[in-house]
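Breakdown of the fold
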Amino acid sequence: MSAYKDEDPRIHGIKTKIRVVPNFPKPGIMFQDITTLLLDPKAFKDTIDLFIERYKGKNISVVAGIEARGFIFGPPIALAIGAKFVPLRKPRKLPGEVIFEEYTLEYGKDRLEMHVGAVEPGEHALVVDDLIATGGTLCAAMNLLERVGAEVVECACVIELPDLQGRERLNGKPLYVLVESH
């Protein structure tokens, strides 16, 4: 499901505020930079509002944001829908006891960590990030939440790079995106 396919008039404004930076962080990568979106209060608010409209009243108790840009979009969504925000962090960033999920990147391995006890069995979770490319990070986030007994309701991203087929790696889990980029 995607907002851009529903032709919401706010989508065009959001899309025009995302800067594409060629060859960053390495040659051949077309980096989708959301910092320019954040500089425009209307486009940023429209982005958050579209997610809030989708998730309000859906019985979501946890919004899990993936480091780092999921931390920008996740907290305002969580506050607006009455859910708690749980940060999913890179290694050695959280104090206290953590559980983790490793995942493979094109250039090696990484992992996401979450505080033990942050999410309870039976909670309904939304996973938020800025972008889905290959889907590895979203899969790791879902696995982490499901290991503690949460039900992942959906994943939400501002941008999808459909050519990288990340959606197909989500094992049928719903994905909601605002903007498609090629």
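Residues numbered from 1 in each chain as written. Predicted model: local features only at pLDDT ≥ 70, side-chain atom pairs only at ≥ 80, totals over all residues. Heavy atoms only, no water.

For the record, the criterion: UniProt positions are given in the numbering used here, feature names are shortened, and annotations may be inferred rather than shown by experiment.
Per an unreviewed UniProt entry, the protein chain is named adenine phosphoribosyltransferase, and its organism is Trema orientale. The Subcellular location (unreviewed entry) field of the UniProt record for the protein chain holds the comment "Cytoplasm".

1. A few points about the packing of aromatic side chains
In this description, a pair of aromatic rings is defined by centroid distance and the angle of the planes. How we decide: Pairing of aromatic rings covers Phe, Tyr and the six-membered ring of Trp, with a centre-to-centre limit of 6.5 Å; geometry is then stacked below 30 degrees between planes, edge-to-face above 60, and tilted otherwise. A run of H or I in DSSP counts as a helix once it spans at least four residues, and a run of E counts as a strand once it spans at least two, with each numbered from the N terminus. When a residue's accessible area, from a 1.4 Å probe over protein chains only, is under 20% of the maximum for its type it is buried; when over 50% it is exposed; and in between it is partly exposed.
Summed over all chains, the structure comprises five aromatic pairs. With a centroid separation of 6.0 Å and an interplanar angle of 85°, the aromatic rings of Phe-44 and Phe-73 are classed as edge-to-face. Linking Phe-44 in helix α3 (residues 41-55) with Phe-73 in helix α4 (residues 70-81), this pair joins segments that are 29 residues apart in sequence. Phe-73 gets classed as buried once you look at its relative accessible area, which sits at 0%. Here the aromatic residues Phe-51, Tyr-55 and Tyr-176 are joined through ring pairs into a cluster of three or more.

2. Let's talk about the packing of helix α1 (residues 9-16) against α3
Our working definition: In this analysis an axis means a line fitted to C-alpha atoms, helices contributing only their contacting stretch, and an angle means the value between N-to-C directions, from 0 to 180 degrees. In what follows, roughly perpendicular refers to angles from 65 to 115 degrees, roughly parallel to angles under 35, roughly antiparallel to angles over 145, and oblique to any angle outside these ranges. Crossing handedness: left-handed means the near helix sits turned counterclockwise from the far one by under a right angle, and right-handed means the same turn made clockwise. Contacts are assigned to residue pairs that have any heavy atoms within 4.5 Å of one another.
It is the contact of α1 with α3, at a shortest axis distance of 9 Å, that shows an interaxial angle of 135°. In terms of orientation, α1 and α3 fall into the oblique class. Crossing angle aside, the handedness with which α1 passes α3 is left-handed. Of α3, the residues touching α1 (which contributes Arg-10, Ile-11, Gly-13 and Ile-14) are Ala-43, Asp-46, Thr-47, Asp-49, Leu-50 and Glu-53.

3. Some points on unusual backbone geometry
Note on backbone geometry: most residues besides glycine have negative phi, and most peptide bonds are trans. Of note, the bond from Phe-24 into Pro-25 is cis; its omega dihedral lies within 30 degrees of zero at 0°. With respect to the secondary-structure elements, Pro-25 resides in the loop between β1 (19-22) and β2 (30-33). Positive phi outside glycine occurs at Gln-165, with the angle close to 60°. Backbone geometry places Asn-171, a non-glycine residue, at a positive phi of 50°.

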